Amino acid sequence: MDKGAIELKAWGSGFFPQAQLLFDGDLLLKNQYLPLFSFFGRRTRLIAHRCKDCGIVCFGYRDHPA
């Protein structure tokens, strides 16, 4: 496993704002959405695992189109 920094970037207003999840600058996931319709539309979701004791969250991103 690699140690690094995970970063969530979101920008834009109006139509088609963007959101990206990066690990040390490498794109893991991206999403483009309409703000009002994102409540009703398809969301970017992944299967993840969390350990409440140690605070680690892990998920797979390769099966999701980036």
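Here goes a summary of the coordinates provided. Worth saying up front: this structure is predicted, and the values here are computed from it rather than measured.

What counts and what doesn't
- Residues numbered from 1 in each chain as written.
- Predicted model: local features only at pLDDT ≥ 70, side-chain atom pairs only at ≥ 80, totals over all residues.
- Heavy atoms only, no water.
- Helix = DSSP H or I, 4+ residues; strand = E, 2+ residues; numbered from the N terminus.
- 1 Å grid on protein atoms, 1.4 Å probe; cavity = no way out; pocket = protein on both sides within 12 Å on 5 of 7 lines; lining within 4 Å.
- Points joined across faces, edges and corners; volume = space filled by probe spheres on them.
- Nonpolar A, V, L, I, M, F, W, Y, C, P; charged D, E, K, R; others polar.
- Pairing = 2+ DSSP bridges.
- Axes fitted to C-alpha atoms, helices over the stretch in contact; angles between N-to-C directions.

**Section: the environment of Lys-30**
Okay, so step 1: Considering the arrangement of structural elements, one finds Lys-30 in strand β3 (residues 26–32).
Okay, so step 2: Considered as a pair, Lys-30 and Gln-18 are 12 residues apart in the sequence and their alpha carbons are 7.3 Å apart.

**Structural notes on the layout of surface pockets**
Okay, so step 1: Considered as a void within the structure, the largest pocket measures approximately 570 Å³ in volume.
Okay, so step 2: Met-1, Asp-2, Phe-23, Val-57 and Phe-59 are the residues nearest the centre of the largest pocket, which is lined by 16 residues in total.
Okay, so step 3: Among the elements of the structure, β3 and β5 (56–59) are those that each provide at least two residues to the lining of the largest pocket.
Okay, so step 4: Ranked by the residues each element gives to the lining of the largest pocket, the list is headed by β5, at 4 residues.
Okay, so step 5: Among the residues forming the lining of the largest pocket, the class breakdown is 10 nonpolar, 2 polar and 4 charged.

**Digging into the sheet that holds β3**
Okay, so step 1: Sheet architecture is open: 3 strands sit in the order β1-β2-β3, paired in antiparallel fashion. This sheet does not close on itself; its edge strands, each paired only once, are β1 (6–11) and β3. The mean angle between the axes of side-by-side strands here comes to 15 degrees, regardless of whether they run parallel or antiparallel.
Okay, so step 2: Bridging between strand β2 (residues 18–23) and β3 involves 6 bridges; their strand directions are antiparallel.

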